[in-house]
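Spelled out, the chains give:
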Amino acid sequence: QVQLVESGGGLGQPGGSLRLSCVDSGRSSSSRTKAWFRQAPGKEREFVAGVTKSGDNAYYADSVKGRFTISRDNAKNTVYLQMNNLKPDDTAIYFCASRGMVYGTVVPTANAYDYWGQGTQVTVSS
């Protein structure tokens, strides 16, 4: 059974930085494409960033491109989201997600992902 656990959320200042981590304890975790989604109050869950197994192929939502960086350390079964130049609109619960298939591609739709973490709250406010 795959279990994803996020950490690193909290309160950030506009223009500041936070780094989220997601540990995947599931079988073949290093071979599965991972993604970050976020959900703000009253809004649908939206794609933020995704990365394939190698870490070389990454995809970002336009709203975070140039500010956020997704990466992974397969030896630690961990995917990261480095969030720089934070904006108040980044406030949301951030979820780590994993595709079920191994060696999958990055897909910016929630229903393409089979496993989800519990979420970690990110609040950006002055």
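This text goes with the structure placed above it.
Throughout what follows, the structure given in this document is the object of discussion. (Residues numbered from 1 in each chain as written. Predicted model: local features only at pLDDT ≥ 70, side-chain atom pairs only at ≥ 80, totals over all residues. Heavy atoms only, no water.)

Here we come to the overall build of the protein chain. When helices and strands are counted, the protein chain shows zero helices and eleven strands. The N-to-C order of helical and strand elements in the protein chain reads β-β-β-β-β-β-β-β-β-β-β. Computed over its C-alpha atoms, the radius of gyration of the protein chain comes to 13 Å, within 12% of the 14 Å expected for a compact globule of 126 residues. Seen through its C-alpha atoms, the protein chain measures out along the principal axes to roughly 40 × 25 × 25 Å. Per-residue burial over the protein chain gives 45% buried out of 126 residues. At a minimum sequence separation of 6, the contacts of the protein chain that also span at least 24 residues come to 58%. Accessible area for the protein chain stands at about 6,400 Å²; split by element, carbon and sulfur atoms hold 45% of it. Measuring between centres, the 14 positive side-chain charges of the protein chain sit 4 Å from its 10 negative side-chain charges. (Helix = DSSP H or I, 4+ residues; strand = E, 2+ residues; numbered from the N terminus. Rg over C-alpha atoms; globule rule 2.2 N^0.38 Å. Buried < 20%, exposed > 50% of the residue type's maximum accessible area, 1.4 Å probe, protein only. Contact = heavy atoms within 4.5 Å. Areas by Shrake-Rupley, 256 points an atom, 1.4 Å probe, with all protein chains shown as cover. Lys, Arg positive; Asp, Glu negative; His and termini not counted. Charge placed at Lys NZ, Arg CZ, Asp CG, Glu CD.)

Below, the discussion takes up the state of the cysteines. Taken as a whole, this structure holds one disulfide when the rule is applied. The disulfide partner of Cys22 is Cys96, and the gap between their sulfur atoms is 2.1 Å. Between Cys22 and Cys96, the disulfide has an S-S torsion of -80° and is therefore left-handed. Of this pair, Cys22 sits in strand β3 (residues 18–24) while Cys96 sits in strand β9 (residues 92–98); the two residues are 74 residues apart in sequence, bridging distant segments of the chain. Side by side, Cys22 and Cys96 carry an identical accessibility label, which is buried. (Disulfide = S-S within 2.5 Å.)

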